[in-house]
Amino acid sequence: MTGLLARINEQPRDVLDAIAASMNVRASEPAMQAICARYMAQISFPVGARVLEIGRGNGAATNLIMKHMGAAQRVGIDPSSVFIVMAAAAL
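Residues numbered from 1 in each chain as written. Predicted model: local features only at pLDDT ≥ 70, side-chain atom pairs only at ≥ 80, totals over all residues. Heavy atoms only, no water.

Engineer: Would you mind showing me how to read a nonpolar patch on the surface here?
Structural biologist: A cluster of nonpolar residues, Leu52, Ile54, Val75 and Ile77, forms a patch on the protein surface that exposes about 370 Å² of accessible area. Counting residues per element, the ones that place at least two in the nonpolar patch are strand 1 (50–54) and strand 2 (73–77). Note that Ile77 resides in strand 2. (Patch = residues over 30% accessible without salt bridge, like charges linked within 9 Å, V, L, I, M, F, W, Y side chains within 5 Å. Areas by Shrake-Rupley, 256 points an atom, 1.4 Å probe, with all protein chains shown as cover. Salt bridge = Lys/Arg side-chain N within 4 Å of Asp/Glu carboxyl O. Helix = DSSP H or I, 4+ residues; strand = E, 2+ residues; numbered from the N terminus.)

Below, the structure written as structure tokens:
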């Protein structure tokens, strides 16, 4: 990892909150929702599938993706412990 991601745990909380807010805005945009719906419609998930998302951030995009996966179980990891807490709270 390079740049900001390599130092994500060193960032002040206000920076992480700003990043999380932009993730929420992006996931709520109709264009992003349409892209996700088109992409996910092409993937078939077996019942009980487990999905790993690497770099899940605050969970905004993960929650958008999960709307199209039915009963699949999600597992997400992220280098930011703050984002992990945010994602868990968004479930």
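Alright, that's what it looks like, and here's the rest.
Engineer: Explain the environment of Arg38 here, please?
Structural biologist: Tracing the backbone shows Arg38 in helix 3 (residues 30–41). On the basis of relative accessible area, Arg38 is assigned to the exposed category, the value being 55%. (Buried < 20%, exposed > 50% of the residue type's maximum accessible area, 1.4 Å probe, protein only.)

Engineer: Explanation requested: the packing of helix 2 (residues 13–28) against helix 3 in the structure shown.
Structural biologist: Working note: a packed helix pair is described by the angle between its axes plus the distance between those axes. Remark: helix 2 packs on helix 3, axes separated minimally by 5 Å, with the N-to-C direction vectors making an angle of 65 degrees. In terms of orientation, helix 2 and helix 3 fall into the roughly perpendicular class. On helix 3, the residues that touch Arg26, Ala27 and Ser28 of helix 2 are Pro30, Met32 and Gln33. Considered class by class, the residues forming the contact of helix 2 with helix 3 number three nonpolar, two polar and one charged. (Axes fitted to C-alpha atoms, helices over the stretch in contact; angles between N-to-C directions. Parallel < 35°, antiparallel > 145°, perpendicular 65-115°, else oblique. Contact = heavy atoms within 4.5 Å. Nonpolar A, V, L, I, M, F, W, Y, C, P; charged D, E, K, R; others polar.)

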